Amino acid sequence: MTIRVLYFASLKERLGRVEDHLDAYAVRDVQEVWHRATGTPIPDGLVLVAVNQQYATFDTPVSDGDEVAFFPPVTGG
Amino acid sequence: MTIKLMHHLFDPWRELSEYVRREPELARCAGAQCVFVGTMREMNQGAQVAHMMLEYYPGMTERELEKITQEARERWAVLESLIVHRVGEITPGEPIVLVAVWAVHRGDAFDACRYLMEVLKTRAPFWKKETLTSQEARWVIENSRGYA
């Protein structure tokens, strides 16, 4: 009954960890995942989010077994 | 339609010739092939870069590149496409990305290739961390705009 939370790039360095595991009962959407996992306010526009490896928003609902990822704007290519 | 993530140095021209060799009918059908190769510069935002680390999101990166490829195929008459992208440690002068599109006519090849490259830049989960010659390390904050 968990949600896996992943962090990438500068966000991973800032938080000092690559992932967290949350109790799925405790969170309903991405916003609640962010607050519970990081304990910080959402940085405006600087954090992108994916649920199960697809782009999502902070009000996307989450459920047991989901993988939620937070990362800064992408800079590939 | 092929997507490859490379953990080591690759030769884009060899990737292309091998791809065409595996798909011999492509040469007979495609009247146009458009190729983009992006390489790592040694100067970025006024500083000399010694090397760079390219991080990615295993699973989502491949998936997003597949999605972008699918979108291009829905918009243009694409016969085949190839995307090769480096991850890991890179030094200046090394290729980072290869995007190639085969089509019957040049319009579709040019436009689809440009689309793949521009959308890859804004959506594919890759992040660059540069180490400057001064030993200072910094994350690249955002990509430059492809269209002025």
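Details of the structure are given in the entry above.
Basis of the calculations
Residues numbered from 1 in each chain as written. Chains lettered and ligands numbered in written order. Predicted model: local features only at pLDDT ≥ 70, side-chain atom pairs only at ≥ 80, totals over all residues. Helix = DSSP H or I, 4+ residues; strand = E, 2+ residues; numbered from the N terminus. Buried ≥ 20, exposed ≤ 12 C-beta atoms within 10 Å, placed from the backbone. Core = buried A, V, L, I, M, F, W, Y, C linked by C-beta atoms within 7 Å. Contact = placed C-beta atoms within 7 Å. Nonpolar A, V, L, I, M, F, W, Y, C, P; charged D, E, K, R; others polar. Pairing = 2+ DSSP bridges. Axes fitted to C-alpha atoms, helices over the stretch in contact; angles between N-to-C directions.

Participant: Explain the environment of A:A69 here, please?
Facilitator: Residue and element names in this part refer to chain A. By secondary structure assignment, the location of A69 is in strand β5 (residues 67–71). A69 gets classed as buried once you count the C-beta atoms within 10 Å, which come to 25. In this structure the C-alpha to C-alpha distance between A69 and D20, which are 49 residues apart in sequence, comes to 10 Å.

Participant: So what exactly am I meant to see when it comes to the nonpolar core here?
Facilitator: In globular proteins that are soluble, nonpolar side chains generally tend to be buried together. A:V33, B:V101, B:A103, B:A112 and B:L116 are the most contacted members of the largest nonpolar core, which totals 55 residues. Discounting chain neighbours no more than four positions away, the residues touching B:L116 are B:I68, B:T69, B:A72, B:S81, B:I83, B:V99 and B:V101.

Participant: I would appreciate a short explanation of the environment of B:S17 in the present structure.
Facilitator: Residues and elements named next belong to chain B. Structurally, S17 is set in helix α1 (residues 12–22). You can call S17 exposed: it has 11 C-beta atoms within 10 Å. With 120 residues separating them along the chain, S17 and A137 place their C-alpha atoms 37 Å apart.

Participant: Got a minute to help me understand the interface of chain B and chain A in this structure?
Facilitator: Contacts between the two partners involve 23 residues from chain B, matched on the other side by 13 residues from chain A. Elements with a minimum of two residues in the side of chain B that touches chain A: α3 (60–75), β7 (95–103), α4 (106–123) and β8 (126–132) of chain B. The element that contributes the greatest number of residues to the side of chain B that touches chain A is α4(B), accounting for five residues. Of the residues belonging to the side of chain B that touches chain A, the class tally is twelve nonpolar, five polar and six charged.

Participant: Help me understand the sheet that holds strand β5 (residues 78–86) of chain B in this model?
Facilitator: Sheet strands line up and pair through hydrogen bonds in the backbone, either parallel or antiparallel. All names here are of chain B. Taken in spatial order, the four strands line up as β1-β5-β7-β2 in an open sheet, and their pairing is mixed. At either margin of the open sheet sits one strand with a lone partner, and together these are β1 (2–6) and β2 (32–39). Neighbouring strand axes in the sheet, compared pairwise and without regard to direction, differ in orientation by 5° on average. Sheet topology places β5 next to β7; seven bridges connect them, and they run antiparallel. Paired with H85 across the strands is V97, a residue of β7.

Participant: Explanation requested: the environment of A:D29 in the structure shown.
Facilitator: All names here are of chain A. Inspection of the secondary structure assignment puts D29 in the loop between β2 (19–23) and α2 (30–38). Sequence-wise, D29 and M1 are 28 residues apart; in three dimensions their C-alpha atoms are separated by 15 Å. What D29 contacts, discounting residues up to four positions off in sequence, is D59, T60, P61 and V62.

Participant: Looking at this structure, I do not really get the pairing of strand β3 (residues 48–51) of chain A. What am I missing?
Facilitator: On a regular strand, each side chain points to the face opposite its neighbour's, so the side chains alternate between the two faces of the sheet. All names here are of chain A. In the sheet, β3 pairs with β5 via four bridges, with the strands oriented antiparallel. Its bridge partner lying in β5, V51 is registered against V68. Of the pairings in the sheet, the one linking β3 to strand β4 (residues 54–56) comprises three bridges and is antiparallel in character. When the bridges of β4 are listed, V49 appears paired with A56.

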